[in-house]
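# Examination of the molecular architecture
So you can see what is in the structure, the chains are spelled out below.
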Protein chains: 2
Amino acid sequence: MITLETQGSFAIGGTTVTHDGEFSMQRFLEPEGQTAYGDHAYVFYQKPVNARKFPIIFQHGGAQSKRTWETTPDGRDGFQNIFLRKGYSVYLIDQPRIGEAGLSTEAADAQNPYAQNPLYADKTLFMLCRLGVFPELFPNVQVANDAETLNQFQRSWTPYTGKLDDNLCAKVLAQLFDKVGESILVTHSMGGSIGWRTPFHTKNVKAIVAFEPGGTPFVFPENELPESIPTTYAPVAAQAEEVPLEKFKKLTQMPIILYYGDNIASKQTNVIGPDKWRSEMAMARKFVETINRHGGRAELVHLPDIGIFGNTHFLMSDLNNEEIANLMENWLKQQNLA
Amino acid sequence: MITLETQGSFAIGGTTVTHDGEFSMQRFLEPEGQTAYGDHAYVFYQKPVNARKFPIIFQHGGAQSKRTWETTPDGRDGFQNIFLRKGYSVYLIDQPRIGEAGLSTEAADAQNPYAQNPLYADKTLFMLCRLGVFPELFPNVQVANDAETLNQFQRSWTPYTGKLDDNLCAKVLAQLFDKVGESILVTHSMGGSIGWRTPFHTKNVKAIVAFEPGGTPFVFPENELPESIPTTYAPVAAQAEEVPLEKFKKLTQMPIILYYGDNIASKQTNVIGPDKWRSEMAMARKFVETINRHGGRAELVHLPDIGIFGNTHFLMSDLNNEEIANLMENWLKQQNLA
């Protein structure tokens, strides 16, 4: 049972662009003189009764939506329900230019396969998310091995409807933090890059919990870019990008934790998922070291190192997601944020 | 306060299509030999404690998503919360090929402006939804006259990510009815056409409540197509389509009610919204007559005729939406379905 004080949805942020020409009632279906709205995020929020002090704002990853945090592919509670039951207000977003926030003032990149239909990528997604080597699951993987679970997993994606822009997404997410007040930011995968940039634009990020950040650049101060970490398949190697030191130092102002799951290789291999995430986790360690060298409080937890095995890229949906949620909440308690 | 027994989300229905060629680990980002998933609906459901017997399944209209039924543009409760508070389980969907159900096995029609970004249509949408004659609201309109409300209205749309297909959507919606069990179907606008086709594929539609159906064809039995109802602006005239009599007669098996709001013209005019909806409502009357001639129980309520004024095309979000919800619930009670 979940008792809500309230729930609702709204659009946050966004821009407009107006077409050349003059609007005419006779040609009212034509674009001339009309304005396009776009680039906002869609937000669905739920506040339980007697909510804890700090809400949690959830930022999904690439080609995903707020579904990331909802019911798991095998039909159990996801982080939305788990954290509501723990007493947190939850804010789930569809980032600008995806899902129910599909309006964009810039068309999608025609070269981006994740901005088109049909999206032929079942094997790519299965392997990059470290379910296994298609069609075989890894032996210890925390995923239910039935056809409907895998069907739900494959249907959880949704294409971009506009150009990908992490800085735009971060600015809009910061507007949500300004509206909601001091809150905890939880990111997944490519949402990590949006998360690192959010404190550049708002003071209200009390902590960042990043589940397997990767797939977009980690940020480093100017002149502190680390060496790259090659992968067997070059396009999926971890990326890094310079930002001004002044901006980077915002990330030293709050506690940050990064979690990575299992089946990540310890050395180069031709198994795609384990190899890609070897590169990402190694870059993430350099990111954490750099934050701490500048006075911050970041840490990285590789779950097998603390005895938690079998997690995929979707830790929040894995069979042990309650355990992962408890781990996260214990960390929040240690930071006096629970 | 809303006390939920449970809530969750899932994908329902859908198809797959596999690309030519053979998948290769070395070219794992290429489409060859990979399968695309798509054409499912996204479903978010909430069950209050002690839920009423029949859930309500909500089908949105064109270029919309489940947002239609959520918080209103001026920040009040929408039908989602209103009917939860009344004790109904609510199922909100994003129909196939839009919103969080963006994956499609067929690309969108390149000629459809509502399947592209940027979408230059603020004046079109304002007027077709009968808020007024852009930028002036109709004098009696049930819409808050402030900039943020209109901003939220304009940001409530989202583009199609695949080809529009009412029959596909109806089949998927019918799969949801088969999964959930006997339920009440509520449709809006272009969702009406999906709604009329849903009972062709399931026995579980206990009633249909259609808010301003239009924008896609009303169905009629073969050889019973009515004459068209011209509009000043031909592209927005009401449409009608033949279906086999055997299918049409499914619509005689459950009570059906259609609601239309205010500022619908009684004769041809060059004011776009009122003229378009004059055509749609006239066609809707013929649809209702045809259902009843074949032994059904359909009715059409033009709200000003019963003393309710100022409603736009978005009756479920208008300032008097609680009154509209009560009207609908009273009708359900009369049908012994509440």
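Now for a quick tour of the structure. The structure displayed is predicted, hence computed values, not measured ones.

### With respect to the overall build of chain A
Looking only at helices and strands, chain A has eight helices and 14 strands in total. On C-alpha atoms alone, chain A measures out to a radius of gyration of 20 Å, which is about the 20 Å that the 2.2 N^0.38 rule sets for 338 residues. Taken along its principal axes, the extent of the C-alpha atoms in chain A is 70 × 50 × 45 Å. Counting contacts in chain A only where the partners sit at least 6 residues apart, residues at least 24 apart contribute 74% of the total. Separation of charge centres in chain A, based on 30 positive and 38 negative side chains, amounts to 5 Å.

### Quick look at the pairing of strand E11 (residues 218–221) of chain A
Residues and elements named next belong to chain A. Of the two faces of E11, the one lined by Phe-218 and Phe-220 and the one lined by Val-219 and Pro-221 are each fully buried. For E11 and strand E12 (residues 240–243), the ladder comprises four bridges, and the chain directions are parallel. Each bridged residue has a counterpart across the sheet, and for Phe-220 the counterpart in E12 is Glu-242.

### Quick word on the pattern of salt bridges
All names here are of chain B. Tallied over the full model, the rule gives 32 salt bridges over all chains. With a shortest N-O distance of 3.7 Å, Glu-329 and Arg-52 are connected by a salt bridge. Pair noted here: Glu-329 is in helix H8 (residues 321–334) and Arg-52 is in the loop between strand E4 (41–48) and strand E5 (56–59), with a separation of 277 residues, a long-range link. We classify Glu-329 as buried; its relative accessible area is 6%. Of the residues examined, Arg-52 reaches a relative accessible area of 31% and is grouped as partly exposed.

### Observations regarding the interface of chain B and chain A
With 76 residues of chain B at the interface, the matching set in chain A holds 76 residues. Buried area between chain B and chain A, summed over both chains or domains, comes out near 6300 Å², and the portion from carbon and sulfur atoms is 55%. Three residues, Glu-100, Tyr-120 and Arg-155 of chain B, lead the burial of chain B against chain A; their summed loss comes to 13% of the area buried on that side. Here Lys-66 of chain B ties to Glu-100 of chain A by a salt bridge, and the two come within 3.2 Å at their closest N and O atoms. Remark: the boundary between chain B and chain A carries 46 residue pairs in polar contact (both at pLDDT 80 or more).

### Description of the relation of the copies chain B and chain A
After a rotation of 180° and a shift along the axis of 0.0 Å, chain B superposes on chain A with an RMSD of 0.0 Å. In the structure described here, the two chain copies are related by an operation that fits a two-fold rotation axis. Here 100% of the interface residues in chain B have copies in chain A that are interface residues too; the copies meet face to matching face.

### Examining the side chain of Ser-156 of chain B
Residues and elements named next belong to chain B. Its location among the elements puts Ser-156 in the loop between helix H3 (147–154) and helix H4 (166–180). For Ser-156, a relative accessible area of 11% translates into the label buried. Engagement of the side chain of Ser-156 in a polar contact is seen with the side chain of Gln-64, the distance being 3.0 Å. Polar contacts involving the side chain of Ser-156 include one to the main-chain carbonyl oxygen of Phe-153, which spans 2.8 Å.

### What about the pairing of strand E10 (residues 205–211) of chain B?
Residue and element names in this part refer to chain B. Judged by how many residues are buried, E10 sits mostly within the fold: six of seven residues are covered. Crossover strand E9 (residues 183–188) to E10 through helix H5 (residues 191–197) is right-handed. Judged from the four bridges that link them, E10 and strand E13 (residues 255–260) form a sheet pairing that is parallel. In the sheet register, Phe-211 faces E13, and the bridge partner there is Tyr-259.

### Here's the deal with H8 of chain B
All names here are of chain B. Taking 1.5 Å of rise per residue, the 14 residues of H8 would be expected to cover 20 Å, and the 20 Å separating its terminal C-alpha atoms lies within 8% of that figure. Taken together, the buried residues of H8 touch E5, helix H1 (79–85), E9, E10, E13 and strand E14 (297–302). Phi for Asn-336, located one or two positions after H8, is positive at around 60°.

### Side note on the nonpolar core
Phe-79, Phe-83 and Phe-211 of chain A together with Phe-79, Phe-83, Phe-211 and Met-328 of chain B are the most contacted members of the largest nonpolar core, which has 112 residues in total. Ignoring sequence-local partners within four residues, the contact set of Phe-211 of chain A consists of Phe-79, Val-186, Thr-187, His-188, Ser-189, Tyr-259, Leu-315, Met-316, Ile-324 and Met-328 of chain A.

### A word on the side chain of Asp-275 of chain B
Residue position: Asp-275 of chain B is located in helix H7 (residues 272–293). Asp-275 of chain B has contacts with Thr-231, Thr-232, Tyr-233, Ala-265, Lys-267, Gln-268 and Thr-269 of chain B, leaving out every residue within four places of it along the chain.

### Side note on the packing of aromatic side chains
What describes a pair of aromatic rings is the distance from one ring centre to the other and the angle between the planes of the rings. In the structure shown here, the tally under the stated rule is 40 aromatic pairs over all chains. Each ring, one from Phe-153 of chain A and one from Phe-314 of chain A, has its centre 6.0 Å from the other, and the planes form 90°; the classification is edge-to-face. With a gap of 161 residues between them, Phe-153 of chain A in helix H3 (residues 147–154) and Phe-314 of chain A in the loop between strand E14 (297–302) and helix H8 (321–334) connect regions that are remote in the sequence. Each member of the pair, Phe-153 of chain A as well as Phe-314 of chain A, carries the same accessibility label: buried. Over the face of the ring belonging to Trp-277 of chain A we find Lys-276 of chain A, whose NZ or CZ atom lies 5.1 Å from the ring centre. The ring of Phe-10 of chain B carries Lys-179 of chain B above its face, with NZ or CZ at 4.7 Å from the centroid.

### Brief notes about the environment of Glu-100 of chain A
The topology assignment puts Glu-100 of chain A in the loop between strand E6 (90–94) and helix H2 (122–128). For the pair formed by Glu-100 of chain A and Ala-11 of chain A, sequence separation is 89 residues and the distance between their alpha carbons is 9.6 Å. Residue contacts for Glu-100 of chain A: discarding those within four places in its chain leaves Tyr-42 and Asp-94 of chain A together with Ser-65, Lys-66, Arg-67, Asp-94, Gly-99, Glu-100, Trp-157 and Thr-158 of chain B.

### Observations regarding the environment of Gly-21 of chain A
Residues and elements named next belong to chain A. By the element assignment, Gly-21 lies in the loop between strand E2 (15–18) and strand E3 (35–38). According to the relative accessible area criterion, Gly-21 is exposed, its value standing at 58%. Spatially, the C-alpha atom of Gly-21 lies 37 Å from that of Phe-177, the residues being 156 residues apart in sequence.

### Thoughts on the state of the cysteines
All names here are of chain B. Applying the stated criterion across every chain yields a total of zero disulfides over all chains. Considering cysteine sulfurs only, Cys-169 is the nearest to Cys-129, which forms no disulfide, with 19 Å between them. Owing to a relative accessible area of 3%, Cys-129 belongs among the buried residues under this scheme.

### Focus on the environment of Tyr-233 of chain B
Here Tyr-233 of chain B lies in the loop between strand E11 (218–221) and strand E12 (240–243). It is 7.8 Å that separates the C-alpha atoms of Tyr-233 of chain B and Lys-276 of chain B, two residues lying 43 residues apart in sequence.

### Some remarks on helix H7 (residues 272–293) of chain A
Residues three or four positions apart in an α-helix share a direction because the helix packs 3.6 residues into each turn. All names here are of chain A. With 22 residues, H7 extends 32 Å between its outermost C-alpha atoms, agreeing within 8% with the 32 Å of an ideal straight helix rising 1.5 Å per residue. Among the 22 residues of H7, 16 are classified as buried, and the element is accordingly described as predominantly covered. Directly beyond the C-terminal end of H7, a positive phi value near 100° is found at Gly-295.

### Examining unusual backbone geometry
Going from Phe-134 of chain A to Pro-135 of chain A, the amide bond is cis rather than trans, its omega being 0°. Locating Pro-135 of chain A in the fold gives a position in the loop between strand E7 (132–133) and strand E8 (136–137). Even without a glycine there, the phi angle at Asn-50 of chain B is positive, about 50°. Here Asn-263 of chain B, not a glycine, exhibits a phi torsion of approximately 60°, which is positive. On the basis of relative accessible area, Asn-263 of chain B is assigned to the buried category, the value being 19%.

Parameters at a glance
- Residues numbered from 1 in each chain as written.
- Chains lettered and ligands numbered in written order.
- Predicted model: local features only at pLDDT ≥ 70, side-chain atom pairs only at ≥ 80, totals over all residues.
- Heavy atoms only, no water.
- Helix = DSSP H or I, 4+ residues; strand = E, 2+ residues; numbered from the N terminus.
- Rg over C-alpha atoms; globule rule 2.2 N^0.38 Å.
- Contact = heavy atoms within 4.5 Å.
- Lys, Arg positive; Asp, Glu negative; His and termini not counted.
- Charge placed at Lys NZ, Arg CZ, Asp CG, Glu CD.
- Buried < 20%, exposed > 50% of the residue type's maximum accessible area, 1.4 Å probe, protein only.
- Pairing = 2+ DSSP bridges.
- Salt bridge = Lys/Arg side-chain N within 4 Å of Asp/Glu carboxyl O.
- Buried area = accessible area lost by both parts, 1.4 Å probe.
- Polar contact = N/O pair within 3.5 Å; in protein donor to acceptor, adjacent residues only side chain to side chain.
- Least-squares fit on C-alpha atoms with pLDDT ≥ 70 in both.
- Right-handed = clockwise from strand over helix to strand, strands pointing away.
- Expected span 1.5 Å × (residues − 1).
- Core = buried A, V, L, I, M, F, W, Y, C linked by side-chain atoms within 4.5 Å.
- Phe/Tyr/Trp six-rings, centres within 6.5 Å; stacked < 30°, edge-to-face > 60°.
- Lys NZ or Arg CZ within 6 Å of the ring centre and 35° of its normal.
- Disulfide = S-S within 2.5 Å.

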